[in-house]
Amino acid sequence: MLNIKQIVVLCGGSGSRLGNVTKEIPKPMLMVRGVPYLDLLVQELAQFPVDEIVLLAGYKGETIRNHLDDKIVNGVKIKVLIEDQPRGTLGALLYHSDQLEEQFIVCNADTMWTYKIIDFYQALKVLDKNFSYIFTTIPKNENRYGNIMIEGDFIRDFEEKENKIAVNLINSGIYVLKKEHLLDLPFLEITKKLDLEAHCFKLLASKGLLKCVNNIIIDFFDFGTPASFRELSDQVLIKFSKKIIFLDRDNTINHDNGYISYPSKVVICESFLEICDELSGSNRFLVVISNQGGIAKEKFL
């Protein structure tokens, strides 16, 4: 069982495929419906029960540092670290390894995912601390990505998109990594750009240290190309424009058994958790309202 308290976001790329759009601003800071996309991502990640979100910046990194470093979002501290030169996704992690927890979540800053946060969190709780993990999914656009070849939940190999025979699972851009696995890689000096896919995952898979987590990520969208960036505004509207359902507490969430002062006396209404799970996955926010009348009436003195 893992107790992950840190999320690391890879923000260092130059976004060169987007041309002049990223000439003066790093890709994660591009404006989408009036706000930097990175703000939306950080707000989403801060829903997880972690203590810290670390943004590993590179290209135009001062822009990210000035905007988010030392901020607190939903009780989660934001830290921005800037690499001294372009080092790649793996190189950035190794360069800042002294700032990493023993096990941590990693994700890309130019990607948006569809998932139920409760399913994601439950999946984290049952992972084995001795392995690293890639969250996989089944692609909708099967031509853009290579396959991940698995045996059970072990990742055995990676099939490049040019050579793939059939659609299998793909990398969604979210990982749970064990720092020890990174430090054991045979790269004593970081003298060139090192990438997770090319220089880490294949080696971990060959050693039997890399597993997949499937059926959690429903879909994902990355805006690394001009065509996908043009779609980003609509994708953000779909993901973040949610309706709100307000839930009363007594006899909706839990049975009204008087003024309850101990968690052990709470009795959840039948089927509520299943209904709550279904509603939360339907592009809606759930808000619990309660007037705490017992406190006003001094029932707990």
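Refer to the structure printed above.
Residues numbered from 1 in each chain as written. Predicted model: local features only at pLDDT ≥ 70, side-chain atom pairs only at ≥ 80, totals over all residues. Heavy atoms only, no water.

**Some thoughts on the packing of helix α1 (residues 37-45) against helix α2 (residues 61-68)**
Thought 1: Between α1 and α2, whose axes approach to 12 Å, the crossing angle comes to 50 degrees. Here α1 lies oblique to α2, going by the angle between them. For the crossing formed where α1 meets α2, the hand is right-handed. Between α1 and α2, the residues in contact are L38, D39 and V42 and I64, H67 and L68, respectively.
Thought 2: Split into classes, the residues belonging to the contact of α1 with α2 amount to four nonpolar, one polar and one charged. (Axes fitted to C-alpha atoms, helices over the stretch in contact; angles between N-to-C directions. Helix = DSSP H or I, 4+ residues; strand = E, 2+ residues; numbered from the N terminus. Parallel < 35°, antiparallel > 145°, perpendicular 65-115°, else oblique. Left-handed = near helix turned anticlockwise from the far one by under 90°. Contact = heavy atoms within 4.5 Å. Nonpolar A, V, L, I, M, F, W, Y, C, P; charged D, E, K, R; others polar.)

**Looking at the pairing of strand β1 (residues 6-11)**
Thought 1: Of all six residues making up β1, six are buried, and the element is well covered by its neighbours.
Thought 2: Taking every second residue as pointing to the same face, both faces of β1 are buried, with Q6, V8 and L10 on one and I7, V9 and C11 on the other.
Thought 3: Two strands pair when backbone bridges link them, and β1 and strand β7 (residues 103-108) are joined in this way by four bridges, in the parallel orientation. Opposite V8, over in β7, you have V106 as the bridge partner. (Buried < 20%, exposed > 50% of the residue type's maximum accessible area, 1.4 Å probe, protein only. Pairing = 2+ DSSP bridges.)

**Some thoughts on the packing of α1 against helix α7 (residues 226-240)**
Thought 1: Orientation of α1 relative to α7, taken along the N-to-C sense of each, is 25 degrees, at an axis distance of 12 Å. The angle between α1 and α7 places the two elements in the roughly parallel class. Seen along the crossing, α1 lies across α7 with a hand that is left-handed. Mapping the contact onto sequence places Y37, L40 and E44 in α1 and V236, K239 and F240 in α7.

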